[in-house]
Amino acid sequence: MKYIKKIGNYGAGLGLGALLAVGLGGCQQRTDEQAAAAQPQQKNAFVIIEEVKPGKYKVAEEFPAKETRIILKKLDGTEKVLTKEEMDALIKKEEAKIENGTSPLTSPEGAQVAQQGGLSLGEAILASAAGAMIGSWIGSKLFNNPNYQKTRRAGYKTPTAYNRSVNSFKKGARTTSRSSSTRRSGFFGSSRSMTSSRSRSGFFGG
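Residues numbered from 1 in each chain as written. Predicted model: local features only at pLDDT ≥ 70, side-chain atom pairs only at ≥ 80, totals over all residues. Heavy atoms only, no water.

**As for helix α7 (residues 146–154)**
Formally: For every residue, the accessible area (1.4 Å probe, protein chains only) is compared with the maximum for its type, and the residue is labelled buried under 20%, exposed over 50%, or partly exposed between those bounds. Runs of H or I in DSSP of at least four residues are treated as helices and runs of E of at least two as strands, each being numbered from the N terminus. Here the arc refers to the set of directions running from the helix axis out to each C-beta atom. Think of a polar contact as two N or O atoms within 3.5 Å of one another; within protein, one of them needs to be a possible hydrogen donor and the other a possible acceptor, and neighboring residues in sequence only count if both atoms come from side chains.
By the burial criterion, the buried members of α7 are Tyr148, Thr151, Arg152 and Ala154. Seen along its axis, α7 keeps its buried residues to an arc of 160°; they face one direction. Away from the buried face of α7 by more than 90 degrees, exposed residues Pro146 and Lys150 are located. The distance from a side-chain oxygen at the start of α7 to the backbone nitrogen of Asn147 is 2.8 Å, and the residue carrying that oxygen is Asn145.

**Focus on the pairing of strand β1 (residues 45–53)**
Taken residue by residue, a regular strand's side chains alternate between the two faces of the sheet. In plain terms, the rule: At least two bridges found by DSSP between two strands is the condition for calling them paired.
When β1 meets strand β2 (residues 56–64), the two strands line up antiparallel, connected through 8 bridges. Residue pairing for β2: Ala45 is matched across the bridge by Pro64. Between β1 and β2, which pair antiparallel and follow one another directly, the connecting turn spans 2 residues, one of which, Gly55, has a positive phi of 80°. Relative to strand β3 (residues 69–73), β1 is paired through 5 bridges, and the arrangement is parallel. Among the inter-strand pairings, Glu50 is bridged to a residue of β3, identified as Lys73.

**Observations regarding the packing of aromatic side chains**
To keep it simple, the criterion reads: A pair of Phe, Tyr and Trp rings is counted when the ring centres sit within 6.5 Å of each other, with Trp represented by its six-membered ring. The angle between the planes then sorts it: under 30 degrees is stacked, over 60 is edge-to-face, the rest tilted.
Evaluation of the coordinates by the stated rule reveals 3 aromatic pairs. An angle of 20° between the planes, with centres 5.2 Å apart, marks the rings of Phe46 and Phe63 as stacked. Taken together, the residues Phe46 in strand β1 and Phe63 in strand β2 connect sequence positions 17 residues apart. With 6.1 Å between their ring centres and 70° between their planes, Phe143 and Tyr148 make a pair best called edge-to-face. Overall, Phe143 belongs to the partly exposed group, its relative accessible area being 26%.

**Section: the nonpolar core**
Heads up, the condition is: Nonpolar cores are built from buried Ala, Val, Leu, Ile, Met, Phe, Trp, Tyr and Cys residues. Side-chain atoms within 4.5 Å join them into one set. Whether two residues touch is decided by their heavy atoms; if any such pair falls within 4.5 Å, the residues are in contact.
Ile49 and Ile70 are the most contacted members of the largest nonpolar core, which has 27 residues in total. For this core, the secondary structure elements donating two or more residues are β1, β2, β3, α2 (84–99), α4 (121–127), α5 (129–134) and α8 (159–200). Ignoring any residue separated from it by four or fewer positions in sequence, one finds Ile70 in contact with Val47, Ile49, Lys80, Val81, Leu82, Met87, Ile125, Ala130 and Ile134.

**Thoughts on the pattern of salt bridges**
What counts, and what does not: Any Lys or Arg side-chain nitrogen located within 4 Å of an Asp or Glu carboxyl oxygen qualifies as a salt bridge.
Using the criterion set out here, one finds 9 salt bridges in the structure. For Glu61, the salt bridge goes to Arg164, with nearest N and O atoms at 2.9 Å. Placement of the pair is Glu61 in strand β2 and Arg164 in helix α8, with a sequence separation of 103 residues. Under the relative-accessibility criterion, Arg164 is labelled partly exposed at 40%.

**Points about the sheet that holds β3**
By definition, the strands of a sheet pair up through backbone hydrogen bonds, in either a parallel or an antiparallel sense. Quick note on the threshold: For helices, the fitted axis covers only the stretch in contact; all axes are lines through C-alpha atoms, and the angles between them, taken along N-to-C directions, range from 0 to 180 degrees.
As summarised here, the arrangement of the 4 strands in space is β2-β1-β3-β4, forming an open sheet in which the pairing is mixed. Only two strands of the sheet have a single partner each, and these edge strands are β2 and β4 (79–81). Sheet twist, expressed as the mean angle between neighbouring strand axes with direction ignored, is 20°.

Put into C-alpha cells, the structure is as follows:
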C-alpha cells in the first residue's frame, strides 16, 4: 500500500510539472507575439521605391523576402537594384541628419513634407521595412519617435501600399513566432540532456 501511495504522489508531482511547463511555454509564446507586434520581425524585405518628383521618392510596394533587396524606379522609367554599399552610404548620410535634428523623418513637419513632395532616397529607405533591418543601429532613434511613425506612413505612395506592407509583415511575424515556439518545444528535452552531458564532460571547467 505504501508503494502504491508513493507512485500516486510521484504521478501527481509529474502532472504538476507538466502543467508548469505548458504554462511557461504559453507565457513565452505570448511574449514572442508581443515582440513581433512591436516592429517588423522578418529578417529581410523586398522593396520597390519610386521616384515621384525629381530627387523625391516614396515606397511603392514591399513585402517579406529571403534577402533584402531595394528596386529603384526612376521618373524616366528605368529601374535599378541598389547595392548594399549604396544602401549603407545613404543610411549613413541620413543618420547624420537625424543626429543634428534636420531630418524630416523625426521632425513634426515630416509627415506633411513626405505627403506633399516625397522624401530623399535615404529617407524613403528608412521609412520602409528594409530600413529597420539595414539601419538597425539607428532604430532606437526612430521607432520610439512619434514623428517618425507619422512620416513613415506618409512615405508610402498610397495608404493601401502602407496597409499591405503592415499586414504582410504582421503575418510573417506570426508565422515566425509559431515556428520558434515549435522549435523550442521540440528541442526542450534534448537541450536538458546536452546541458547535462556538457557539465559531466567538464564544459564549465569541472
